[in-house]
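Chain and residue survey
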Amino acid sequence: MAPDSPVLVEIHELRMRLPHVVGVLVASVDGLLIAQDAESVEPEVFAAMSAAQLGLGQQIIAAVRSGEFRETVTTASNGYVAVFAAGASALLTVIAGRELNVARLHHEARPVAARIGEHFQHIEIR
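Our subject in this report is the structure included herewith. Model, not experiment: these values are computed from the prediction. (Residues numbered from 1 in each chain as written. Predicted model: local features only at pLDDT ≥ 70, side-chain atom pairs only at ≥ 80, totals over all residues. Heavy atoms only, no water.)

**Observations regarding the pattern of salt bridges**
Convention followed: Definition used for salt bridges: Asp or Glu carboxyl oxygen within 4 Å of a side-chain nitrogen of Lys or Arg. By definition, any uninterrupted DSSP run of H or I lasting at least four residues is a helix, any uninterrupted run of E lasting at least two residues is a strand, and each is numbered from the N terminus. Accessible area is worked out with a 1.4 Å probe on protein chains only. A residue is then buried under 20% of its type maximum, exposed over 50%, and partly exposed in between.
Applying the stated criterion across every chain yields a total of 6 salt bridges. Between Arg-115 and Glu-10 there is a salt bridge whose closest N-O contact spans 2.6 Å. Separated by 105 residues along the polypeptide, Arg-115 in helix α3 (residues 102–119) and Glu-10 in helix α1 (residues 6–17) bring together distant segments of the chain. Arg-115 gets classed as partly exposed once you look at its relative accessible area, which sits at 38%. Among the residues examined, Glu-10 registers a relative accessible area of 16% and is labelled buried. Taking the shortest distance from any N to any O, the salt bridge between Glu-39 and Arg-15 comes out at 3.1 Å. On the criterion of sequence distance, the pair formed by Glu-39 in the loop between β2 (33–38) and α2 (43–63) and Arg-15 in helix α1 is long-range, its members being 24 residues apart. Sharing partners across several salt bridges, the network here consists of Arg-15, Asp-37 and Glu-39.

This is how it looks when you write it as structure tokens:
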């Protein structure tokens, strides 16, 4: 992906706006890495794991008939991993330290995920 692509610009800007974020990536729902700004993880492996998290979230939501999956936040003793649906064919994953303001994460990341989803709306990425 070109350094000036809209998706890379979105994830770089998201990372700059959110203190304590150590990585952001975009993947297909099948787990293929599309774009990344993450040094602390193996991006290809993390893209696959994020897709698995998305799939699990979708199954849980389907089991309780609560509509469509939007996001999940996994909280650990030293940080967070958040996976946001980015349209029907992509996902946005944010990796952050424990100092992250989760409310701000939601405020900043939700519109980014929506814009990324719009970008891929007419593109087959699977």
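**Quick word on the sheet that holds strand β5 (residues 90–97)**
Formally: When DSSP finds two or more bridges between two strands, those strands count as paired. To get an axis, fit a line to the C-alpha atoms, keeping to the stretch in contact for a helix; angles then go from 0 to 180 degrees between the N-to-C directions. The contact criterion used throughout is that any non-hydrogen atoms of two residues lie within 4.5 Å.
The strand order across the open sheet built from 5 strands is β2-β1-β5-β4-β3, with neighbouring strands paired in antiparallel fashion. With one partner strand each, in any of the chains shown, β2 and β3 (71–76) form the two edges of the open sheet. Taken pair by pair, the neighbouring strands of this sheet meet at an average axis angle of 10°, ignoring direction. Here 6 bridges tie β3 to strand β4 (residues 79–86), and the two strands are oriented antiparallel to one another. Bridge pairing in β4 links Ala-76 to Gly-79. The strands touched by α1 are β1 (21–28), β2 and β5; relative to β2, the strand with the most contacts, the crossing angle is about 30°. Across the sheet, α3 lies against β1, β3, β4 and β5, angled at about 30° from β4, the strand it touches most.

**Thoughts on α3**
Just so we agree on the cut-off: To estimate how far a helix should reach, multiply one less than its number of residues by 1.5 Å. Here the bend at each residue means the angle between axes fitted to two seven-residue stretches, the one ending at that residue and the one beginning there. The definition of a polar contact used here is a pair of N or O atoms within 3.5 Å, where within protein one atom must be able to donate a hydrogen and the other to accept one, and adjacent residues in sequence count solely through side-chain atom pairs.
Look at α3: 25 Å from first C-alpha to last across 18 residues, which is about the 26 Å you get at 1.5 Å a residue. At Ala-109, α3 shows its largest kink, close to 25°, and the proline Pro-111 lies no more than four residues downstream. Within α3, burial applies to Leu-105, His-106, Glu-108, Ala-109, Val-112, Ala-113, Ile-116 and Gly-117. Lining the buried residues of α3 we find α1, β1, β3, β4 and β5. The opening residue of α3 is Asn-101, an N-cap whose side-chain oxygen sits 3.1 Å from the backbone nitrogen of Ala-103.

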